[in-house]
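Chain by chain, the residues run as shown.
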Amino acid sequence: MIIAVIADPKPQTDTASNKNESGTKVETAAVKTETPESNKVDDKEKAEQEAKEAAEKKAQEEQKAKEEAEAKAKADAEAKAKAEAEAKKAKEDAVPREYKSALKKAEQYAETMSMSKAGIYDQLTSAYGENFPKEAAKYAIDHIQFDWKENALKKAKSYAEQMNMSDSAIYEQLISEYGEKFTKEEAKYAIDNLK
């Protein structure tokens, strides 16, 4: 007698059907076993993910550190500026009133009359001028901020336009002890830029 075995044409699935004693169909899940290659792939992906997260965390920490450093630098700069302003104010408060007045007067002469530094000093100390003490006038000259070359040029233009003077005569008038008392450098700048 020959017994034929016929293969089941259905593909195997992950579930197996069995009947229990009562005849009820029970499905049981087949346990998949992973191959060593799939373990390697999962480990590689996990390592890449961990590296990515570590890089992101490091970048966030660096950004936070940078922001904190910038905030500290800004706070330090503000504190320094405030301290300097307070020191400047304290220094200005310690300056005698007459010195401050001499400085303001010097600024007026420089701005409105285009005078030289030496000319302003003489005007401040002159008995026929402002009659400030020499110390007050020196304080004013030491602390005035002005473009003396531009003042020399303005004076040169006024001599050229109003008195039709030559360049050499204007130069001599600008540097003269009895004239404007500009430095030679300031007078040269004026003549070189006179149009």
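Since we're looking at a predicted model, the values are computed, not measured.

A few points about the nonpolar core
Inference 1: Counting residues in each nonpolar core, the largest one holds 17 residues, and the members touching the most others are A106, I120, L124, A140 and I144.
Inference 2: Of all elements in the fold, only α2 (97-113), α3 (117-125) and α4 (134-143) reach the threshold of two or more residues within this core.
Inference 3: For I144, the contacting residues outside a window of four places in its chain are L103, A106, E107, A110 and K117.
Inference 4: Formed by 11 residues, the second largest nonpolar core is a distinct cluster that contains A156, Y159, I170 and L174.

Details of the packing of α2 against α4
Inference 1: At a minimum axis separation of 8 Å, α2 and α4 run at an interaxial angle of 50°. Between α2 and α4, the angle is such that the two are oblique. Viewed along their axes, α2 and α4 form a crossing whose handedness is right-handed. Within the contact between the two elements, α2 uses E98, Y99, A102, L103 and A106 and α4 uses E135, A136, A137, Y139, A140 and H143.
Inference 2: Along the lines of polarity and charge, the residues of the contact of α2 with α4 split into 8 nonpolar, 1 polar and 2 charged.

Points about the packing of aromatic side chains
Inference 1: The final tally for this structure, using the stated rule, is 2 aromatic pairs.
Inference 2: Geometrically, the ring pair formed by Y99 and Y139 is tilted, given 5.5 Å between the ring centres and 50° between the ring planes. Separated by 40 residues along the polypeptide, Y99 in helix α2 and Y139 in helix α4 bring together distant segments of the chain.
Inference 3: Pairing F146 with W148 gives two aromatic rings, centres 5.7 Å apart and planes at 45°, and the pair type is tilted.

Things to note about the side chain of N151
Inference 1: On the secondary structure map, N151 appears in helix α5 (residues 148-163).
Inference 2: Its relative accessible area of 1% is what places N151 among the buried residues.
Inference 3: Only 3.0 Å separates the side chain of N151 from the backbone oxygen of A110, close enough to count as a polar contact.
Inference 4: When residues no more than four places from it in sequence are discounted, the contact partners of N151 are A110, S114, M115, F146 and F182.

Notes on the pattern of salt bridges
Inference 1: As enumerated under the stated definition, the model contains 6 salt bridges in all.
Inference 2: The salt bridge partner of K181 is D122, with a shortest N-O separation of 2.0 Å. With K181 in the loop between α6 (167-175) and α7 (184-192) and D122 in helix α3, this pair connects stretches of sequence that are 59 residues apart.
Inference 3: The class of D122 is partly exposed, set by a relative accessible area of 30%.

What about the side chain of K155?
Inference 1: Assignment of secondary structure puts K155 in helix α5.
Inference 2: By relative accessible area, K155 is classed as buried at 17%.
Inference 3: Non-local contacts of K155, meaning those with residues more than four positions away in its chain, are made with M113, S114, L174, E180 and F182.

Regarding the packing of α5 against α7
Inference 1: α7 packs onto α5 with a crossing angle of 55° between their chain directions and a minimal axis gap of 8 Å. As far as their axial angle goes, α7 and α5 are oblique. Crossing of α5 against α7: the hand is right-handed. Contacts between α5 and α7 involve W148, K149, E150, A152, L153 and A156 on the former and, on the latter, E185, E186, A187, Y189 and A190.
Inference 2: Across the contact of α5 with α7, the residue classes break down as 7 nonpolar, no polar and 4 charged.

What about α5?
Inference 1: Compared with the 22 Å implied by 1.5 Å per residue over 16 residues, the 22 Å span of α5 between its first and last C-alpha is a close match.
Inference 2: On its buried face, α5 is in contact with α2, α3, α6 and α7.
Inference 3: For α5, the capping residue at the N-terminal end is D147, with a side-chain oxygen 3.3 Å from the backbone nitrogen of K149.
Inference 4: Phi for N164, located one or two positions after α5, is positive at around 50°.

So, how was this worked out
- All residue numbers refer to position in the chain's written sequence, counted from 1.
- Per-residue local features are limited, in this predicted model, to residues with pLDDT of at least 70; the limit for side-chain atom pairs, both in listing and counting, is 80 or more; totals at the level of whole chains, interfaces and linings are taken over all residues.
- Heavy atoms throughout the structure, all of them, feed into the side-chain values; hydrogens and water do not.
- Residues enter a nonpolar core if they are buried and are Ala, Val, Leu, Ile, Met, Phe, Trp, Tyr or Cys, with the set joined through side-chain atoms within 4.5 Å.
- The buried label applies to any residue whose accessible area, calculated with a 1.4 Å probe on protein chains only, is under 20% of its type's maximum; exposed applies above 50%, and partly exposed to all values in between.
- Put simply, DSSP H or I for four residues or longer makes a helix, DSSP E for two residues or longer makes a strand, and each gets a number counted from the N terminus.
- Residues count as neighbours in contact if any of their non-hydrogen atoms are within 4.5 Å of one another.
- The axes used here are C-alpha line fits, helices contributing only the stretch in contact, and every angle between their N-to-C directions lies in the interval 0 to 180 degrees.
- Should an angle fall under 35 degrees it is called roughly parallel, over 145 degrees roughly antiparallel, and 65 to 115 degrees roughly perpendicular, with every other angle called oblique.
- Helix crossings are classified by the rotation of the near helix relative to the far one: an anticlockwise turn of less than a right angle makes the crossing left-handed, while a clockwise turn makes it right-handed.
- Residue polarity follows a fixed list, in which Ala, Val, Leu, Ile, Met, Phe, Trp, Tyr, Cys and Pro are nonpolar, Asp, Glu, Lys and Arg are charged, and the others, Gly among them, are polar.
- Here a Phe, Tyr or Trp ring, Trp counted by its six-membered ring, pairs with any other such ring whose centre lies within 6.5 Å, and the pair is stacked when the planes are under 30 degrees apart, edge-to-face when over 60, and tilted otherwise.
- For the purposes of these results, a polar contact is taken to be a pair of N or O atoms within 3.5 Å, where, inside protein, one atom must be able to donate a hydrogen and its partner to accept one; residues adjacent in sequence count only when each atom of the pair is a side-chain atom.
- In the sections that follow, a salt bridge refers to a side-chain nitrogen of Lys or Arg positioned within 4 Å of a carboxyl oxygen of Asp or Glu.
- Helix span is expected to be 1.5 Å times the residue number reduced by one.

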